[in-house]
Amino acid sequence: MNIFEELESEVRSYSRGWPVVFDRAQGSRVFDEEGKSYLDFFAGAGALNYGHNNPVLKQALLDYIQRDGITHALDMFTVAKKNFLETFKEKILEPRDLDYKIVFPGPGGANAVEAALKLARKVTGKESVINFTNAFHGMTLGALSVTGNSMKRGGAGVPLVHATPMPYDSYFDGQYPDFLYFERLLEDSGSGLNEPAAVIVEGVQGEGGINAASLAWLKGLAELCEKHGILLIFDDVQMGCGRTGPFFSFEDAGIKPDIVCLSKSIGGYGLPMALTLIKPELDVWEPGEHNGTFRGISPAFVTATEALRTYWSDDELEKATKAKGERIAAAFKDIVDAYPEANLVSKGRGLARGIEFENGELAGKVCAAAFDRGLLMETAGPDGEVMKLLPPLTVTDDEITEGLKIIDESIATVLK
């Protein structure tokens, strides 16, 4: 592995925890160059909800490439884009009674967030945005300004302004009513809070530590925004596309955000793709006012369309995801109960799950022990104190059994 040490920047991260050279992958498994198999409960940080090299999506992609379908088209009209838009409308928007126009902002989640922030400010004429403690929205300057992690914010190298953090759900462990501080500041002319253009929120904070907001809290936030005329931006980059069960993580709360950010698994196959969904009355862009060279990657349109047709024509995937998530939650409860002195906390919703340890050192040791046993997991939270699971939604029951066994053994090795 000398070539990586020699040429690749020190900014690399995942490779430090998994120091092998990976070669191929299928479903919920990846294989290193020696042929060793690893069960993948990381899934591209949520970009591979349908697994690695999903055969249905792969065939659609191969067929498109074989017929010389256009690959790069900026924002020109293409058959691939048309098919995606028609399918997204039919399978996702119409069944949920959602009326959005679609911005193709660039290929990554941060692109979707930047477009959302820019548009909210353009529409309202206001600069300030409200974000939440432990939020993560991306690594570009606008997205970093509404991100909580101090290490990531420090990498900006310039002041990150025009954003004000508020307490996320359960930040004070239920000691105060929801939005007590936020609403008081909004209503007090002496608070010094700049009138916000928008609020940006995640339904489950993934990088922040698998913090799952209650549905009541999300509904209350939407009502607060409506009451005060504040746009609600919902960042569903990691938790959308079925990660919590429904396609959008806000569905069960019964809300309809003004703007929704999607990326990661929207492309289906792990190909770069992002969307910013906006209510039609917010579509006030000038032509080209927000653009990018790679905002129309046709192979991603192809695999995205096939994923929607295959997995979102009925509710089978949603129900299976919820059932698998509950199974993992029950197993995590048993682990928490088995180590009362360790003060473990089970967290999450759907197939975004985690166990919080007393510190990042313990969580890191557990993930390292799991890697030695052939399981890929990452840590999350402000100090890396949460062992985080994001398996493919297509993970089998047997693979869950295998993964839970490894997790149980790894925790036992570290805590005992």
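Structure shown above.
Quick look at the structure, then.

Parameters and conventions
- Residues numbered from 1 in each chain as written.
- Predicted model: local features only at pLDDT ≥ 70, side-chain atom pairs only at ≥ 80, totals over all residues.
- Heavy atoms only, no water.
- Helix = DSSP H or I, 4+ residues; strand = E, 2+ residues; numbered from the N terminus.
- Rg over C-alpha atoms; globule rule 2.2 N^0.38 Å.
- Buried < 20%, exposed > 50% of the residue type's maximum accessible area, 1.4 Å probe, protein only.
- Contact = heavy atoms within 4.5 Å.
- Areas by Shrake-Rupley, 256 points an atom, 1.4 Å probe, with all protein chains shown as cover.
- Pairing = 2+ DSSP bridges.
- Axes fitted to C-alpha atoms, helices over the stretch in contact; angles between N-to-C directions.
- 1 Å grid on protein atoms, 1.4 Å probe; cavity = no way out; pocket = protein on both sides within 12 Å on 5 of 7 lines; lining within 4 Å.
- Points joined across faces, edges and corners; volume = space filled by probe spheres on them.
- Nonpolar A, V, L, I, M, F, W, Y, C, P; charged D, E, K, R; others polar.
- Core = buried A, V, L, I, M, F, W, Y, C linked by side-chain atoms within 4.5 Å.

## Observations regarding the overall build of the chain
Item 1. Scanning the chain for helices and strands turns up 14 helices and 17 strands.
Item 2. Expected size for 416 residues packed as a compact globule is a radius of gyration near 22 Å; at 21 Å, the chain falls within 12% of this value.
Item 3. By its C-alpha atoms, the chain is 60 × 55 × 45 Å across when sized along the principal axes.
Item 4. The buried share among the 416 residues of the chain stands at 53%.
Item 5. Contacts in the chain between residues at least 24 apart in sequence constitute 73% of all its contacts with a sequence separation of at least 6.
Item 6. As displayed, the chain has an accessible area near 18,500 Å², and 51% of this comes from carbon and sulfur atoms.

## Quick word on the sheet that holds strand β16 (residues 378-380)
Item 1. Spatially, the 4 strands line up as an open sheet ordered β13-β14-β17-β16, and their pairing is antiparallel. At either end of the open sheet lies a strand with only one pairing partner, and these are β13 (345-349) and β16. For this sheet, the mean inter-axis angle between neighbouring strands, taken without regard to orientation, is 30°.
Item 2. Where strand β14 (residues 352-356) lies against strand β17 (residues 386-389), 4 bridges are found, and the strand directions are antiparallel. Within β17, the position partnered with R353 by the bridge is L389.

## Some remarks on the sheet that holds strand β15 (residues 375-376)
Item 1. In space, the 4 strands of this open sheet follow the order β1-β2-β3-β15, with mixed pairing throughout. Where the open sheet ends on each side, the last strands, each with one partner, are β1 (22-26) and β15.
Item 2. In this sheet, β15 lies alongside strand β3 (residues 37-40) in parallel orientation, the contact comprising 2 bridges. Each bridged residue has a counterpart across the sheet, and for D40 the counterpart in β15 is L376.

## Quick word on empty space enclosed by the protein
Item 1. Per the stated rule, a full pass over the model turns up 1 cavity of 30 Å³ or more.
Item 2. Approximately 50 Å³ is the volume found for the largest cavity.
Item 3. Contributing to the lining of the largest cavity are F104, G106, P107, P272, M273, A274, F294, R295, G296, I297, A300 and F301.

## Some details on unusual backbone geometry
Item 1. Positioned with a positive phi, A43 is a non-glycine residue whose angle comes to about 50°.
Item 2. One can find A43 in helix α3 (residues 43-46).
Item 3. Residues other than glycine seldom take positive phi values, yet N53 does so here, at roughly 45°.
Item 4. Tracing the chain through its elements places N53 in the loop between α3 and α4 (55-66).

## Some points on the layout of surface pockets
Summary: where empty space remains is shown by rolling a probe the size of a single water molecule over the atoms.
Item 1. Considering only enclosed or pocket space, the second largest pocket measures out at about 500 Å³ in volume.
Item 2. Taken together, 19 residues line the second largest pocket, and the ones lying closest to its centre are D75, K81, I102, V103 and F104.
Item 3. Put simply, the parts of the chain that give the lining of the second largest pocket at least two residues each are α5 (79-93) and β4 (101-103).
Item 4. In terms of residue class, the lining of the second largest pocket is made up of 8 nonpolar, 3 polar and 8 charged.

## So, the pairing of strand β5 (residues 129-132)
Item 1. Burial of the side chains of β5 extends over both faces: V129 and N131 are buried on one face and I130 and F132 on the other.
Item 2. One ladder, built from 4 bridges, connects β5 with strand β6 (residues 163-166); its direction is parallel. Residue pairing for β6: I130 is matched across the bridge by T164.
Item 3. For β5 and strand β7 (residues 198-201), the ladder comprises 2 bridges, and the chain directions are parallel.

## A word on the nonpolar core
Item 1. Ranked by internal contacts, the top residues of the largest apolar core, which has 85 residues, are F88, L221, F247, F248 and M387.
Item 2. Ranked by the residues each element gives to this core, the list is headed by helix α11 (residues 298-311), at 7 residues.
Item 3. For F247, the contacting residues outside a window of four places in its chain are F88, I92, R96, G240, C241, G242, L262, I266, L308 and W312.
Item 4. Core analysis: the second largest hydrophobic core is formed by 21 residues, A120, V129, I233 and L282 among them.

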